[in-house]
Amino acid sequence: MNTNSNVYTVIYTTIVVAVVSAVLAFVAMRLGPAQSANAKAETLRQMMSAAGIKPTEELYATSNADILQLYADSIEEAYTIDLDGKENGRLSTAADKIELIDKLKPQNKAIKAGSGATLPVYIFKGGIAVIPIYGAGLWGPVWGYVAFEPDCHTIAGAFFDHEGETPGLGAKIKDEPWFREKFSGKTVEWGDEPAFRLEKNAEATGATNAVDAITGATMTSKGLNEALNVWFKAYEKHFGIAAFFAALSQHEISEETTQNEEE
Amino acid sequence: MAQKLKDTILNPILKGNPITVLVLGICSSLAVTVQLKGALVMAISVIAVTGLSSLVCSLLRNTIPNRVRIIIQLVVVAMMVILVDQILKAGEATYAIDKQLSVYIGLIITNCIVMGRIEAFALGNKPIPSLLDGLANGVGYGLILIVVAFFRELFGSGTLFGLQVLPAGYVPNNLVILPPFALILLGCIIWVHRALDKDLQEE
């Protein structure tokens, strides 16, 4: 047979490609459930790392089954809010119902469009509120989870991840524990423009809502900075008011104590 | 015949090592050798991909239209790489390593060793020798990867497979973790290899 004729070449390549796609489709279907179980456990690890339920290293050394149990033990409630800060839905707190990060992309679009967003808020034991953030890095999406103390103003912890940032540069947002640890104890200034700064020399200004960008990863840092601010802005009406009341009640308590002392 | 088979297996590991002699696959050997665990998974993945792609291409060798043979090879290699990636993602223990290796598993497709062995060997040889040639080249690659990762993890983090081996007072050498050190280490391995093997020395 003439293996160099055009007809043969076209038919041959068609068959090869069809066979390969069939094999890959079959394998993807068979392995899908196991992969999504892994992805869910990974999402839970990232959320609980941000919330400070356990040290990140310990979470990554824990098996999937134990992670699900740990999440069930530490989650209090989960709900969604719209862009006006009002609750518009409940989320299941069952560990296998957790929303994966691919749900964040449409929400990111909804935030930018200004309507139709259902943004998740996860409340862990002790009143720690965890919210996701999502945006574009240099090569692909970057995302993460930011946890707030009960005052809705101080960041309790954060965890960032990415799809394909450059290893050793942009990938540091995930690989270097010191980067995410810098966020603990910082604040988000609801209502300010921007609410948070991830910029060059930001820490030198002494502001509590600033973290230095990563050297050599300008585009990743910029993308993460935008992701943080876009999502903080979306949660502003929800957390801004909560933070105001939290501060107010704190103020009242301290006033009461001073009065008591005077008496 | 037995001698030829032995050469097929041993040559890529020693005299014709893809990294130290052919200087192929350098990119990934600099990138994934910070930790032994990652290097080991990468080595096994490459062994599987080179072996299976060579086997499949050798089985198809008499039917592949010559004008599109590179494309057909690419499709076969790409399929193997995706399979490896999917399997790593499905395993509970390998999921985190797959995420850590991130793009480098996908980039096995661009590893010159894979296509190089298909072009140079699999298209002109029977399936079984081709499979062995592919596997042996993968082993030759993996061996260097593990040697480099051993030194980098030991001196860069003071650990081996994540377990502390150097005394707690050891200050990790940050240069060792950076890719340039892998290149220096690789240079040293090539130097030792050439010094030991007279056949590799140039006039």
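So, a few notes on the structure that sits alongside this text. All values reported here derive from a predicted model rather than from experimental measurement. (Residues numbered from 1 in each chain as written. Chains lettered and ligands numbered in written order. Predicted model: local features only at pLDDT ≥ 70, side-chain atom pairs only at ≥ 80, totals over all residues.)

Let us now look at the overall build of chain B. In terms of regular secondary structure, chain B is built from 10 helices and two strands. From first element to last, N terminus to C terminus, chain B shows the α and β order α-α-α-α-α-α-α-α-β-β-α-α. The C-alpha atoms of chain B give a radius of gyration of 18 Å, which matches the 17 Å a tight globule of 203 residues would have. Oriented by its inertia axes, the alpha-carbon framework of chain B measures out at about 60 × 50 × 30 Å. (Helix = DSSP H or I, 4+ residues; strand = E, 2+ residues; numbered from the N terminus. Rg over C-alpha atoms; globule rule 2.2 N^0.38 Å.)

All names here are of chain A. When strand E1 (residues 75-81) meets strand E3 (residues 119-124), the two strands line up antiparallel, connected through six bridges. In the strand pairing of E3, Glu77 is matched with Ile123. In this structure, E3 lies alongside strand E4 (residues 128-136), joined through three bridges in antiparallel fashion. By the bridge assignment for E4, Phe124 is matched with Ile128. Counting the residues in the hairpin turn of E3 and E4 gives three residues, including Gly126, whose phi is positive at 90°. (Pairing = 2+ DSSP bridges.)

What follows concerns the sheet that holds strand E5 (residues 141-148) of chain A. Strand pairing in a sheet relies on backbone hydrogen bonds, with the paired strands running either antiparallel or parallel. Residues and elements named next belong to chain A. Ordered in space as E2-E1-E3-E4-E5-E6, the six strands form an open sheet in which the pairing is antiparallel. Each of the sheet's edge strands pairs with one partner strand only, and the pair in question is strand E2 (87-90) and strand E6 (155-162). Taking the axes of each pair of neighbouring strands and ignoring which way they run, one obtains an average angle of 25° across the sheet. Against the sheet, helix H1 (residues 6-51) contacts E3, E4, E5 and E6, and its axis sits at roughly 150° relative to E6. (Axes fitted to C-alpha atoms, helices over the stretch in contact; angles between N-to-C directions. Contact = placed C-beta atoms within 7 Å.)

Attention now goes to the packing of helix H3 (residues 36-60) of chain B against helix H8 (residues 127-157) of chain B. A pair of packed helices can be characterised by two numbers: the angle between their axes and the separation between those axes. All names here are of chain B. Packing of H3 against H8 brings their axes to within 8 Å, and their N-to-C directions diverge by 165°. When the interaxial angle is binned, H3 and H8 end up roughly antiparallel. The handedness of the crossing between H3 and H8 is right-handed. Residues of the contact of H3 with H8, tallied by class, amount to 18 nonpolar, 10 polar and two charged. (Parallel < 35°, antiparallel > 145°, perpendicular 65-115°, else oblique. Left-handed = near helix turned anticlockwise from the far one by under 90°. Nonpolar A, V, L, I, M, F, W, Y, C, P; charged D, E, K, R; others polar.)

This brings us to the interface of chain B and chain A. Across the contact, 21 residues belong to chain B and 23 residues belong to chain A. Among the elements of the structure, helix H4 (69-90) and helix H5 (92-101) of chain B are those that each provide at least two residues to the side of chain B that touches chain A. Here the element with the most residues in the side of chain B that touches chain A is H4(B); it accounts for nine residues. The residue makeup of the side of chain B that touches chain A, split by class, is 14 nonpolar, four polar and three charged.

Looking now at the packing of H3(B) against H5(B). All names here are of chain B. Across the interface, H3 lies against H5 with an axial gap of 10 Å and an inter-helix angle of 90°. Looking at the two axes, H3 sits roughly perpendicular to H5. The segment H3 lies against H5, with Lys37, Gly38, Val41 and Met42 engaging Thr94, Ile97, Gln100 and Leu101.

Core analysis: the biggest nonpolar cluster contains 62 residues, and A:Ala50, A:Ala51, A:Val130, A:Ala147, A:Ala158 and A:Trp231 have the highest contact counts within it. Among the elements that take part in this core, helix H7 (residues 218-262) of chain A stands out by supplying nine residues, more than any other. (Core = buried A, V, L, I, M, F, W, Y, C linked by C-beta atoms within 7 Å. Buried ≥ 20, exposed ≤ 12 C-beta atoms within 10 Å, placed from the backbone.)

Let us now look at unusual backbone geometry. Residues and elements named next belong to chain A. The omega torsion of the bond from Glu193 to Pro194 falls at -10°, within 30 degrees of zero and hence cis. When you line up the elements, Pro194 lands in the loop between helix H6 (177-181) and strand E7 (197-199). Here Cys152, not a glycine, exhibits a phi torsion of approximately 60°, which is positive.

Take it as geometry only, folks, not as evidence of what the structure does.
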